[in-house]
Amino acid sequence: MITKDLSIIRNGLKLEVISSPDGYYFEKTPTLPALQYSFSEALALLTAVQSAQQMGSTSPDLSAAVARLEALFPEDFGPLLGQIKRPATVTAHGQHRQQMLALLNRALLSQHKVEIVYETASRGGDMTQRIVRPYAVMPYVRSWQLVAYCEMRQTVRMFKLDRIQHARILDECYAIPESFNLDSYMGNTWGLLRGDPQETEDVELCFDAEAGRWVAEEDWHPTQQVEHLDDGRMLFRVRIVVTSEFVKWVLRYGSQVRVEQPAHLRQTIHSEHIRAANLNR
């Protein structure tokens, strides 16, 4: 049985959402008005496509959109446009990710709850069945994260899309609380792992000249401060909650970085390097 479930109006566009045994879909998607791009805007869009492809976001719709963009450029720009590479094949992993992205964005747009089967990162990869209320879908490094209210845990959680084994949009609607703000939810974190805001502390790292140049070129955190020393070294200061994700970032630089403060972070890094050295004898 197929029924018209509800109408959604977004920015003056009316979308009819249809409910069927196979899930929810839009009866008819609107045709957007024609857009004109400046040269720099079109190049910026193509650059964004490159980033999306590196995130594993590929689909026939994306390829079609890129082809239409490329048609706007003169033939002389062929070598430049050739740098926008489209994968010849889409892996099963990439296909699953695309399906999850499409489904969760539909649920977010219509504000319908979603039932998911999720593989936890802990407890040996146990499978749990949950009902979630999507609040945001966002990219991170080479993956995607769902920020959603989890009815099982009764709190807002983050779910890695690649660990969602199965998802189904439900009939029940929800509303995103007006008090929810994604930036406030993420807080003063380094990456995605969220710690207790009460545990925010000052961190100071001293990088050698080579690593310091690389680190100073990037915006890692809103609170970061960089000081270049006369001998070529670089002091990196940041105020964060020290999480395991940050510890792993520091460990990446090996002997090229020294933890000046806090002392407990220096001890953690020291102990991890000792364990790694013993393991690789």
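Criteria and thresholds
- Residues numbered from 1 in each chain as written.
- Predicted model: local features only at pLDDT ≥ 70, side-chain atom pairs only at ≥ 80, totals over all residues.
- Heavy atoms only, no water.
- Helix = DSSP H or I, 4+ residues; strand = E, 2+ residues; numbered from the N terminus.
- Buried < 20%, exposed > 50% of the residue type's maximum accessible area, 1.4 Å probe, protein only.
- Contact = heavy atoms within 4.5 Å.
- Areas by Shrake-Rupley, 256 points an atom, 1.4 Å probe, with all protein chains shown as cover.
- Phe/Tyr/Trp six-rings, centres within 6.5 Å; stacked < 30°, edge-to-face > 60°.

**Q** Describe the overall build of the protein chain, with residues and values.
**A** Broken down by element type, the protein chain carries eight helices and twelve strands. Split into buried and exposed, the 281 residues of the protein chain put 35% on the buried side. Sequence-distant contacts in the protein chain: of pairs separated by 6 or more residues, those separated by 24 or more amount to 56%. Only carbon and sulfur atoms are counted for the fraction: they give 50% of the accessible area of the protein chain, which is about 17,600 Å².

**Q** Requested: an account of the packing of aromatic side chains, with residues and values cited.
**A** Working definition: an aromatic ring pair is given by the centre-to-centre distance plus the angle between the planes. Under the defined criterion, the tally for this structure stands at ten aromatic pairs. For the ring pair Phe207 and Tyr253, a centre distance of 5.2 Å and an interplane angle of 85° mean the geometry is edge-to-face. Taken together, the residues span a long stretch of sequence, with Phe207 in strand 9 (residues 201–207) and Tyr253 in the loop between helix 7 (244–251) and strand 12 (257–261) at a distance of 46 residues. Look at Phe207 and you get buried, because its relative accessible area is 1%. Between the aromatic rings of Phe246 and Trp249, the centroid separation amounts to 5.7 Å while the plane-to-plane angle is 25°, which identifies the pairing as stacked. Within this pair, Phe246 and its partner Trp249 are both found in helix 7, separated by three residues, close to a single helical turn. We note that Phe246, like Trp249, is buried. Clustering of aromatic rings is evident, with ring pairs tying together Phe207, Trp220, Phe236, Phe246, Trp249 and Tyr253.

**Q** I'd like to hear about the environment of Phe159, residue by residue, with values.
**A** With respect to the element layout, Phe159 can be found in strand 7 (residues 155–160). What makes Phe159 buried here is its relative accessible area of 1%. Setting aside residues no more than four positions away along its own chain, Phe159 makes contact with Ile116, Tyr118, Arg130, Val132, Trp144, Gln145, Leu146, Ala148 and Cys150.

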